[in-house]
Every structure is written in C-alpha cells, then in structure tokens.
Amino acid sequence: MALLRAASLMLTAVAETLALVWMELAMFVVAGLLYAMFTDKLRLPQFTSRKNGKKTVTLIKGVKCDPGDGSVDTANLTSWKSLQLLGDKPPELVRVIESMQQAGRPPSQIMADLRAALKASPSLLPSLEALSAAFLRDDAVDLLDGTLALLAEHGISSDAGVYSGLMAAQLRRRDFAAVATTAARIPAEMLTPKMRAMLATSAAHRGQLDEALGHLRHIPTPPAGTRSIAAPTTAQILALAGREQRIVDATEELQRVQAKLESKHLEELFAAGTRGGSLAGWELFNTASALQVRRTAAMFQIFAGALGQAGDKTGLRQLIKEVEEDANGGEAGIVVGEPLAMALLEACKAVRDDSMLSRVLEMHRTVCQGALSPRMSMAFCSALLACDHNKEACEYYEHEMLPKGVMLDVMLTNSLVKAAASYGNTALAKHLSDHVTARPAVAGGSNANASEFQRHAILIKAYSRDGNLSGASEVVARLKQNGTPLNSLIHNCYLDACVQCGDMRAALTQFDEMKQAGMLDVVGYNTMLKSHLSRGRPDDARTLLQEMAAYGLQANKVTFNELLHARVVAKDTRGVWTLIDDMQKAGVHANSVTCSILLKSLSIHSRPQDVKRVMGLIEDIEESMDEVLLSSTIEACIRIKQLDRLSELMRRHKQKGGLRNLAAP
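Predicted model, so just to flag it, every value in this text is computed and none were measured.

This paragraph deals with the overall build of the chain. From N to C terminus, the chain includes 34 helices and two strands. Burial analysis of the chain (665 residues in total) assigns 43% to the buried set. Long-range contacts, defined as pairs at least 24 residues apart, comprise 63% of the intrachain contacts of the chain with a sequence gap of at least 6. For the chain, the accessible surface area stands at approximately 36100 Å², while carbon and sulfur atoms represent 55% of it.

Moving on: the packing of helix H20 (residues 390-401) against helix H21 (residues 410-422). Remark: H20 packs on H21, axes separated minimally by 9 Å, with the N-to-C direction vectors making an angle of 120°. When the axis of H20 is compared with that of H21, the two are oblique. Regarding H20 and H21, the two cross each other, and that crossing is left-handed. Residue-level inspection shows Asn390, Ala393, Cys394 and Tyr397 of H20 in contact with H21, the latter providing Leu416, Ala419, Ala420 and Ser422. Its residues assigned to classes, the contact of H20 with H21 comprises six nonpolar, two polar and no charged.

What follows is about the side chain of Asn561. Positionally, Asn561 belongs in helix H29 (residues 557-569). Among the residues examined, Asn561 registers a relative accessible area of 9% and is labelled buried. Those residues in contact with Asn561 that sit more than four places away from it in its chain are Asn591, Val593, Thr594 and Ile597.

Here we come to unusual backbone geometry. Despite not being glycine, Gln292 has its phi angle at roughly 60°, a positive value. Its place among the elements puts Gln292 in the loop between helix H14 (278-290) and helix H15 (297-310). Owing to a relative accessible area of 66%, Gln292 belongs among the exposed residues under this scheme. Positive phi outside glycine occurs at Gln369, with the angle close to 60°. Looking at the element boundaries, Gln369 is found in the loop between helix H18 (357-367) and helix H19 (374-386).

The next thing to look at is the confidence of the model for the chain. With 82% of its residues at a pLDDT of 70 or more, the chain has an overall mean of 80. Ignoring residues within four places in sequence, the model shows residues 40-91, a span with pLDDT below 50, making 75 contacts including any to other chains. This stretch, residues 660-665, has a pLDDT under 50; its non-local contacts, to residues over four places away or in other chains, come to seven contacts.

With that out of the way, let us pick up a nonpolar patch on the surface. Together, Ile634, Ile638 and Leu643 line one region of the surface with nonpolar side chains, adding up to about 260 Å² of accessible area. Looking at Ile638, the relative accessible area reads 51%, which means it is exposed.

Let's shift gears to the packing of aromatic side chains. Scanning the entire structure with this criterion turns up nine aromatic pairs. With a centroid separation of 6.0 Å and an interplanar angle of 55°, the aromatic rings of Phe270 and Phe303 are classed as tilted. In this pair, Phe270 sits in helix H13 (residues 263-273) while Phe303 sits in helix H15, placing the two residues 33 residues apart along the sequence. Each member of the pair, Phe270 as well as Phe303, is classed as buried. Lying over the aromatic face of Phe285, Arg295 brings its terminal NZ or CZ to 4.7 Å of the ring centre.

This paragraph deals with the environment of Lys349. Residue placement: Lys349 occurs in helix H17 (residues 338-351). Classification of Lys349 as partly exposed rests on a relative accessible area of 27%. The sequence separation of Lys349 and Ser382 amounts to 33 residues, and the corresponding C-alpha distance is 8.0 Å. Those residues in contact with Lys349, other than ones at most four positions away along the chain, are Ser382, Ala383 and Ala386.

Glancing now at the environment of Phe453. Among the structural elements, Phe453 can be located in helix H23 (residues 445-465). Since its relative accessible area comes to 11%, Phe453 is described here as buried. Between the C-alpha atom of Phe453 and that of Leu486, which follows or precedes it by 33 residues, the distance is 8.4 Å. Among residues more than four places away in sequence, those in contact with Phe453 are Thr484, Pro485, Asn487, Leu489 and Ile490.

Glancing now at H15. Three- or four-residue spacings in an α-helix give side chains the same orientation, since the helix completes a turn every 3.6 residues. Taking 1.5 Å as the rise per residue, H15 with 14 residues should run 20 Å; its terminal C-alpha atoms sit 20 Å apart, in good agreement. What H15 keeps buried is the set Met299, Phe300, Phe303, Ala304, Ala306, Leu307 and Gly308. Once H15 ends, the next one or two residues include Gly311, with phi positive near 70°.

Tallied over the entire structure, the rule returns 23 salt bridges. The residue Arg607 makes a salt bridge to Asp610 at a minimum N-O spacing of 3.0 Å. Judged by its relative accessible area of 8%, Asp610 falls in the buried class. Taken together, the shared-partner salt bridges connect Asp210, Glu244 and Arg246 into one network.

So, on to the environment of Val293. Relative to the elements of secondary structure, Val293 occurs in the loop between H14 and H15. A sequence separation of 29 residues divides Val293 from Lys264, and the C-alpha atoms of the two residues are 9.9 Å apart.

Rules of the game
- Residues numbered from 1 in each chain as written.
- Predicted model: local features only at pLDDT ≥ 70, side-chain atom pairs only at ≥ 80, totals over all residues.
- Heavy atoms only, no water.
- Helix = DSSP H or I, 4+ residues; strand = E, 2+ residues; numbered from the N terminus.
- Buried < 20%, exposed > 50% of the residue type's maximum accessible area, 1.4 Å probe, protein only.
- Contact = heavy atoms within 4.5 Å.
- Areas by Shrake-Rupley, 256 points an atom, 1.4 Å probe, with all protein chains shown as cover.
- Axes fitted to C-alpha atoms, helices over the stretch in contact; angles between N-to-C directions.
- Parallel < 35°, antiparallel > 145°, perpendicular 65-115°, else oblique.
- Left-handed = near helix turned anticlockwise from the far one by under 90°.
- Nonpolar A, V, L, I, M, F, W, Y, C, P; charged D, E, K, R; others polar.
- pLDDT = per-residue confidence, 0-100.
- Patch = residues over 30% accessible without salt bridge, like charges linked within 9 Å, V, L, I, M, F, W, Y side chains within 5 Å.
- Salt bridge = Lys/Arg side-chain N within 4 Å of Asp/Glu carboxyl O.
- Phe/Tyr/Trp six-rings, centres within 6.5 Å; stacked < 30°, edge-to-face > 60°.
- Lys NZ or Arg CZ within 6 Å of the ring centre and 35° of its normal.
- Expected span 1.5 Å × (residues − 1).

Rendered as structure tokens:
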C-alpha cells in the first residue's frame, strides 16, 4: 500500500515537472517569435514578386518596373487603369514609388513619371494626395516638394501641417532658400507661428535681418515659459543685428517672443560684437538681461579687453562696478578667477587708470584665498608701473613678491630697475640688476644683449643722480670683468655720470678711452661740450667742435642748442646769430628748444630785425608748438611789449594745425 502511494506521488511529480517544462518551452518559442517580428528578423511574404537579372519585375498587378532604369510602363494605359481598379482599395502608389527608388530611379524622373501618369489617368489624383503623408514620414523632401507642386497645379491645396513638415525637413538640410520658396506657395493666413519661426531662421541664415524681424513680428506673444525661437536662431539674428548696429531692435522682438539664448552663444556674440566698440558690449549685456541669460566671466573678460583697446576709461570703471555687483551675488554670481582678473588688470593698464587696480586685486584675493599666483602678482606690479606708480610697484615687489621668491621676467625686471632708479632706490635697482645677471644665459641674441645693456645704463644713471660715481664705476667694471664688450650706450652713460658727478679727470679719461675704442659719437661729444660750456670754457668747447668735424661727425640740434644757450647766457647777440647761420648752413633745422633759447635773448632793447627773425624761426619749426614754447613766446612778447606779434603767431599756427599738442587748462 505504501509502495503504491509512493509510486503515485512520483508519477504526479513527474507530470508536474513535464507540464512546467512544456510551459517554459512554449513561452520561449512565443518570445522568440515576437522578438523576430519586432526586430525584422522574420520577414513576411511580400506582395511584390522579383526575379534576378534584368528581367521585368512585377510590382503589383498591372504595373511593371524595369530594374535596368527603373522606368514605369506609363505607355500602356491599361496598366494604370488596372492599378486603379484593384477592388475598392485605393491604388498603392507608395509601393510603386518605393519600387522605383529601389530600382535607382532619381526623384526628378519619378516625378516626371507621376506627371505623365496623372495626365494620362486623372483619376489617380486622389491617390497622389495620399502620397504626401508617406513622403513626409519617410523624409523624402524632393518627392514631397514635387508632389505638393503637382497638386497645386491641379488646384488642390495641401494641409498646412504638410507644408510645415516640408519646411522643417528643408531646414534640417540647411536649404534655407527652399524654405522661403515653399512658404511663398502658401497663403499668408495659413502660416502658423511655427512656420514663422522657421522662416525667421531661414532669413537669418540668408543674412536678411529685416525679413527675419518681420516674421518675428507676426508671431503672437507665446504663453509664459514657451520658447518659440531656438537658441542658434536667436544667436544668428543677434549676430546680424550686431553687424548692422541694431541689437536693441532685435532684442526687443526676441524678448517678446521669448526666444531662447544660451550663454555660449552670447560669449561668441561678445567676441565678435565688441570689436566694433563698447556700445555693442553694453547692448549685449542688456540683451542678456532681457533674454534671461546668465552673464559669465568670459563675457566680462572679452568686454574688458575691448574697452582697454578702445581706451574707454569710463566704460571700464562701469564694467568693474558690474563685476563687483555680480561677484557679490552669492552662488549665482560670477567668480573673478585669474583669467578675468588678468583681463581687467590689462585693461586698467591700457587706459592708465590706477583707481581700479586695487579693487580688481581684492576681488581676486577673495577667490584664491589670499594666495596670488606669481603670474597674477607680476601682472599687478606691471599695471602699477604702467600707471606711473613707480614707488608703489617697487614696494609691492619688496613686500609681496620678493619674500615669496617670485621669479620676474626680464621685461618686468628692467621696468622695476628703471622705476627704482627714478625715485632714488638705488639699492633695489642694484639688487634687481644683479639678480638678472646671476641667472643662466638664455637664448635671445641681440635682443637679450640690448635688454641687458639697457638695464645697466639705467643703473649707471641712477648712481649718477645720487652723485655716486663709484657705484657707476662698479657697474662698468663688473661688465668688463664678465668679458662683455661695452657698447656706445654704456660708454655715453658712464661719461655723463663722470660729468654729472663733477669728476672731469675721470670724464677726460673715459673720453679718451672711447676714442681708442672707436665708440665716440655725437652724444659723447655733446656731453663733453656741455661740460666745457657749463664750466665757462668756450675755447675748449670750440676746439672740441672742430675736433668733432675732423672726426667726421656732424653737429646736431643738441650741439647747436648747447652752444646757443652758452651764447645767450653770455649775452653775445652776434655770436648767437653766427651760430644760427652755421646751423642753417649745416642743414640743421631749428626746433622748439632752439626757439625757446632764442626767446630768452629778446628784451625791450632788442633790434626789430632780431625779433622778426626769432618769430620767423618759430613759425617755420617742423613740429607743433608745445606748452613750453608757447609759454616762452608769451613771456617774450610781454617782455618786449609786442603782443600783436603773439596774436599773429598764434593765428598762423592755428591755421597750420600746430596747436594740437597743447593741453586744456
């Protein structure tokens, strides 16, 4: 009994297992069939029958297509008649067109076949209407366009949605002219807002701003939050408006239709638009607000460069104010990173406005947690120098950069050497010069050597102003120890230092050394000439002038001006005019310095011919009248009590445009 029960249970278990396995197999087969059907792995029988080779292929009953050229047998009218008599169903022209395409028939020939078929069998017209939807679905733009034109020839108007689909397809293909052509076949009242938006896009890409704005004006104001114009179209319209200086007009229409614009597009517009001036930049900022586009650091950076290049100090101040306001806007505000801060400093440097330098630096300090990069420190120091804050720049270097071991480039080093020397900080100038000299030599050729000589020349002049001839001598000695051949710049600077420090023995020694080295030039002779004249030794000056001529050097304006000044101080009127005659014979023209010296020689007792000759020289000078010459002329005319000559002289210079260098009071 127990054995039978156990067998029964086993049979039941086996049956249930087999049933479960059968169910799993059935589900697997069904799933496989569904997968094959939906992935097109299982092909159903086709209505069309095809044969290999170039034999005629039967597409559907009564219609034949030759695979050789894909032509439909339109000559046999019974074929088209049989096509339209297939029961109560409409003719399957879509299948015919598909077969033509598969046979390699181009759209133009397909349309020609359809036109011929329609002419032979007008009853095909209803079937032709049904093709539009199929062509639109398959993105067959050329066939759809031809079909709509064919229907229009027979007085049949297609649905606006079909035309809208065609325009969208043409727009995707960037066939902007075709979009406008398609729209021209539609009555204006059938143009929907979507079509107007596409037409605005087409017009913008064809460079027709007025046409684009006209289509925008036809678009009704959309509901809040709806974007009817895509961002690329908005950017294209604004780019056109920027070229025609009509950004405000374009922004007004784009704002009304709630056009979309992205920050990246606006950055590109800033890069292109601000080249025309600062006005375009401010208009684009207003556009950003109107279209609710977040202003980025890149926009401010580009605009700062444009303002600096234009020299717009007022505009730059306003821009920095807006940067400060945006930077204080919390998480939504811009970050004044190093690229933006550098751009703002460069702009301040270009317009020479020192009032904004510290503000820019403090905004960046906040971002970088007070730890400026060497590049940023050098940019700030360079900007201070450009704004003529020599002492502040040197102090910033000593307190902020030197303790951190910031390595300066050669250009900034030379500028700091010059700045330190200008206000008497010779120790810093020497430190900077030694610091550069101690660096390993780098490739630079003659430019690097010229920079080095320029730096040492500045240092020699600094020692000269301090009356420290030994310091200047040390610079020259160090150059000689390094085996550097001295050029005329160093020789002349050291000669001038000897004269300025009153050591004539050293000056004569240096002068002789320059002779032997073949480094004597007009500058060196003028330095010694000035020294002789200042010490009241005109005979030595005259001898030096003769030696200069024998050496093959021609006296220049500086030479004659020094001699003239000595003759005027000695009240040697005859000697003054003798020098003027020599000057003219040598082909050296008088300049404003020459005229200022001559004006000092005039007094109430001067001969009329001397006054007339001085005024004639002033009128004939090549450069414009500067403030020094104007002041000297006024003083002389008052002194000799001949203000009428001043009025006449000013009138003539004004006619020549020679008063442009005068500053406003």
